[in-house]
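Close look at the chain arrangement
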Amino acid sequence: MSDTIEKGLVVGIVYSLTGEDGDLIDESGDEEFFYLHGAENIVPGLEDALDGKAVGDELTVDVEPEDGYGEREGPGPQRVERDAFPDDAELEIGMPFLAENDEGEVMELWITGLEEDGVFIDHNHPLAGKKLHFEVTVKSLRPATEEELEHGHPHGPDGHHHH
């Protein structure tokens, strides 16, 4: 096994993600976040920066929108009636969901606003158009199992996971 990060390895990292304003967006805390390198499990700009790094490496990575969640596109948030969602659905701003368009294609959408009788949805990821700042420490590396390579994602620290 390689001592450095390369395609086909399961990588464990701890990280914090802040926006341009320095506000914390997400973090792993002390818990390792695992991803399969080369399988597009994380944003391309971060994956590229981790390529060739080793356990114990600490890095600061600034990711431009085109290497993160992309630039914002399209008309922006659209209002739909609240009754387009199940009555018992607990809706939250930033929450993703899947929807089918008129051609039967499934797409991921995000909730950007809530009113009593309306919901604002957008096809742009909430972090689209934003520069991302990562602080990352590489904690572990291991070869991916055949099943993980087939599925395109890790199944946990020891490779075991049930779908």
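Reading guide: rules and limits
- Residues numbered from 1 in each chain as written.
- Predicted model: local features only at pLDDT ≥ 70, side-chain atom pairs only at ≥ 80, totals over all residues.
- Heavy atoms only, no water.
- Pairing = 2+ DSSP bridges.
- Helix = DSSP H or I, 4+ residues; strand = E, 2+ residues; numbered from the N terminus.
- Buried < 20%, exposed > 50% of the residue type's maximum accessible area, 1.4 Å probe, protein only.
- Polar contact = N/O pair within 3.5 Å; in protein donor to acceptor, adjacent residues only side chain to side chain.
- Contact = heavy atoms within 4.5 Å.
- Axes fitted to C-alpha atoms, helices over the stretch in contact; angles between N-to-C directions.

So, about the pairing of strand 9 (residues 132–143). Relative to strand 9, strand 1 (residues 9–18) runs antiparallel, the two being bridged by ten bridges. The residue of strand 9 that forms the bridge with Ser16 is Glu135. When strand 4 (residues 58–63) meets strand 9, the two strands line up antiparallel, connected through six bridges. If you follow Val63 over to strand 9, its bridge partner there is Leu132.

Mapping Asp122 onto the fold places it in strand 8 (residues 118–122). Classification of Asp122 as buried rests on a relative accessible area of 2%. Here Arg72 takes part through its side chain, which lies 2.4 Å from a polar atom of the side chain of Asp122. If we ignore the near neighbours within four places in the chain, the residues touching Asp122 are Arg72, Gly76, Pro77, Leu109, Trp110 and Thr112.

With respect to the helices, strands and loops of the structure, Ala144 is situated in the loop between strand 9 and helix 2 (146–151). Look at Ala144 and you get buried, because its relative accessible area is 15%. Ignoring any residue separated from it by four or fewer positions in sequence, one finds Ala144 in contact with Gly8, Leu9, Val10, Leu36 and Leu149.

This part covers the sheet that holds strand 8. Strand order in this open sheet of four strands is 5-8-7-6, and the pairing throughout is antiparallel. Only two strands of the sheet have a single partner each, and these edge strands are strand 5 (78–81) and strand 6 (96–100). With direction set aside, neighbouring strand axes in the sheet form an average angle of 50°. With five bridges joining them, strand 6 and strand 7 (residues 106–114) adopt antiparallel strand pairing. Along strand 7, the bridge assignment pairs Glu100 with Val106.

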